[in-house]
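Residues per chain, in single letters:
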Amino acid sequence: MRVVHSPLHARHDGGVELHRGALVPSFESPARAQFILEALQERRFPIVPPRDIPEDRLQGVHDGGFVEFLRGAWARWTAGGRDGSMLPSGFPARGLRQDHCPSGINGAMGWYTFDASTPIVAGTWDAALAAARSAMTAAALVAEGDSAAYALCRPPGHHAGRAFYGGYCYLNNAALAAQHLRDHGCARVAVLDVDYHHGNGTQEIFWERDDVLFVSLHATPESEYPYFLGYADERGAGRGEGCTLNLPLPLGTRWQEYRAALDVALAAIARHAPDALVVSLGVDTFEADPISGFRLTCSDYSRLGDHLAAAHLPTVLVQEGGYAVAEIGANVAGVLAAFADRTL
Ligand code: SP5
Ligand code: ZN
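Computed from a predicted structure; not experimentally measured.

S.K.: Where do I start with the packing of helix 2 (residues 64-79) against helix 3 (residues 105-112) in this structure?
M.R.: Geometry of a packed helix pair, given as the angle between the helix axes and the separation of the axes. Where helix 2 meets helix 3, the closest approach of the two axes is 11 Å, and the angle between their N-to-C directions is 140°. When the interaxial angle is binned, helix 2 and helix 3 end up oblique. The hand of the helix 2/helix 3 crossing is left-handed. Here Gly65, Phe66, Phe69, Ala73, Arg76 and Trp77 of helix 2 come into contact with helix 3, specifically with Ile105, Asn106, Ala108, Met109 and Tyr112.

Listed below in structure tokens is the structure:
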């Protein structure tokens, strides 16, 4: 299994986020990707760079004005004499206008994001674009015949929607991978999101589509981020009705219950009969994750890799969350090594 990775991820660094009433260094740090890379190099996975995919391909899943906002945001922010993390100070909640994006940078930022934990810094655009290209490159490898590929994306992507960013995510890497597969010979695609948090951006992007099934296992949004999407009664709309499946799980979930939900997810994917699978691979389900509440152990990640491989589908794995930095390499490598063993 080839690993697609760009060192440009490291340009997204130094941001702060609002956490328990204080501004703290972002949990989503360059060290995460560095530890994953080292663990995969140790296990002799071949590492390849992303292709120089044109930026207009982002519009396969994203709004053009939104992409332009992200590309130019830091320049606009610093032109106003600011130099700290770019974070929003207001959002268009119910009762406020939903039909006008303000021309000023603060209003535009509130328009395009939905939380105060997703800083834009000087190198955010370069890193987000490299991550998006990595995911599309991994999809291209699979579309061209590889049985599986892994995109070591950072920043992650599954909270970013057609025209919004948030949850440490700017461009939706997994959705771009799924769209690439659709555009290159796969009539039907499934996205399985195993990050601890609901993949609200991916769900929104494919909500009304019947060609891409979205299935997500995640902690209940009643108490966990992103709070306002990811409930079991969300099933898609229009042609996409029945093509979204949410399996929210309680805090404290361990492998035994997780595995039962995974079986339900994989059965739904088999019924959709996709030509390829995209896995949003977050490992923030780990027992020692600093911002999460599940109890998966290191050895459970090999089990996860076994189960994913048992779907017997061409598979693009895309890195999402995981904030227990010391163990993140072992956990991701555990999934990928088990997956690769089963598909040899
Ligand atoms: C890709 C991804 O995993 N994004 C996660 C974004 C989480 N953002 C902030 C969540 C705030 C959680 N508060 C922590 C409570 C600690 N018990
Ligand atoms: Zn997450």
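S.K.: Quick question: what am I supposed to make of the coordination of the zinc ion (ligand 2) here?
M.R.: Six octahedrally arranged donors around a metal ideally form angles of 90 or 180 degrees; four tetrahedrally arranged donors ideally form angles of 109.5 degrees. The zinc ion (ligand 2) binds to the protein through Asp195 (OD), Asp195 (OD), His197 (ND1) and Asp284 (OD), with metal-donor distances spanning 1.9 to 2.8 Å. Read from N- to C-terminus, the donor residues coordinating the zinc ion (ligand 2) fall into the pattern D-x1-H-x86-D. Of this pair, His197 sits in the loop between strand 6 (189-193) and helix 6 (200-206) while Asp284 sits in the loop between strand 9 (276-281) and helix 8 (298-309); the two residues are 87 residues apart in sequence, bridging distant segments of the chain.

S.K.: Teacher, can you tell me more about helix 9 (residues 325-343) here?
M.R.: For an α-helix, 3.6 residues make a turn, and residues three or four places apart therefore share a direction. Spanning 19 residues, helix 9 covers 28 Å between terminal C-alpha atoms, matching the ideal 27 Å at 1.5 Å per step. Those residues of helix 9 not exposed but buried are Ile328, Gly329, Asn331, Val332, Ala333, Gly334, Val335, Leu336, Ala338, Phe339 and Ala340. Along its buried surface, helix 9 packs onto helix 1 (30-42), strand 5 (148-151), strand 9, helix 8 and strand 10 (315-319).

S.K.: For this particular structure, what's the right way to read the state of the cysteines?
M.R.: In a disulfide, the sulfur atoms of two cysteines are covalently bonded to one another. All told, the structure shown has zero disulfides when counted by the stated rule. Here Cys169 is not cross-linked by a disulfide; its sulfur's nearest cysteine counterpart is in Cys153, at 10 Å. Cysteine Cys243 is unpaired, with the sulfur of Cys186 as its nearest cysteine sulfur at 16 Å.

S.K.: Hey, could you run me through the pattern of salt bridges in this one?
M.R.: Side chains carrying opposite charge are able to pair once their charged atoms draw close together. Counted by the stated rule, this structure contains 14 salt bridges. Among the salt bridges present, the one from Asp126 reaches Arg11, with a minimum N-O distance of 2.7 Å. In this pair, Asp126 is assigned in helix 4 (residues 124-143) and Arg11 in the loop between strand 1 (2-4) and strand 2 (16-19), connecting sequence segments 115 residues apart. Exposure remark for Asp126: the relative accessible area of 31% places this residue in the partly exposed category. On the accessibility criterion, Arg11 (46% relative accessible area) is partly exposed. Among the charged side chains, a network of salt bridges with common partners joins Glu28, Arg32 and Arg154.

Definitions and cut-offs
- Residues numbered from 1 in each chain as written.
- Chains lettered and ligands numbered in written order.
- Predicted model: local features only at pLDDT ≥ 70, side-chain atom pairs only at ≥ 80, totals over all residues.
- Heavy atoms only, no water.
- Axes fitted to C-alpha atoms, helices over the stretch in contact; angles between N-to-C directions.
- Helix = DSSP H or I, 4+ residues; strand = E, 2+ residues; numbered from the N terminus.
- Parallel < 35°, antiparallel > 145°, perpendicular 65-115°, else oblique.
- Left-handed = near helix turned anticlockwise from the far one by under 90°.
- Contact = heavy atoms within 4.5 Å.
- Donors = N, O, S within 2.8 Å, 3.2 Å for Na, K, Ca; no water.
- Expected span 1.5 Å × (residues − 1).
- Buried < 20%, exposed > 50% of the residue type's maximum accessible area, 1.4 Å probe, protein only.
- Disulfide = S-S within 2.5 Å.
- Salt bridge = Lys/Arg side-chain N within 4 Å of Asp/Glu carboxyl O.

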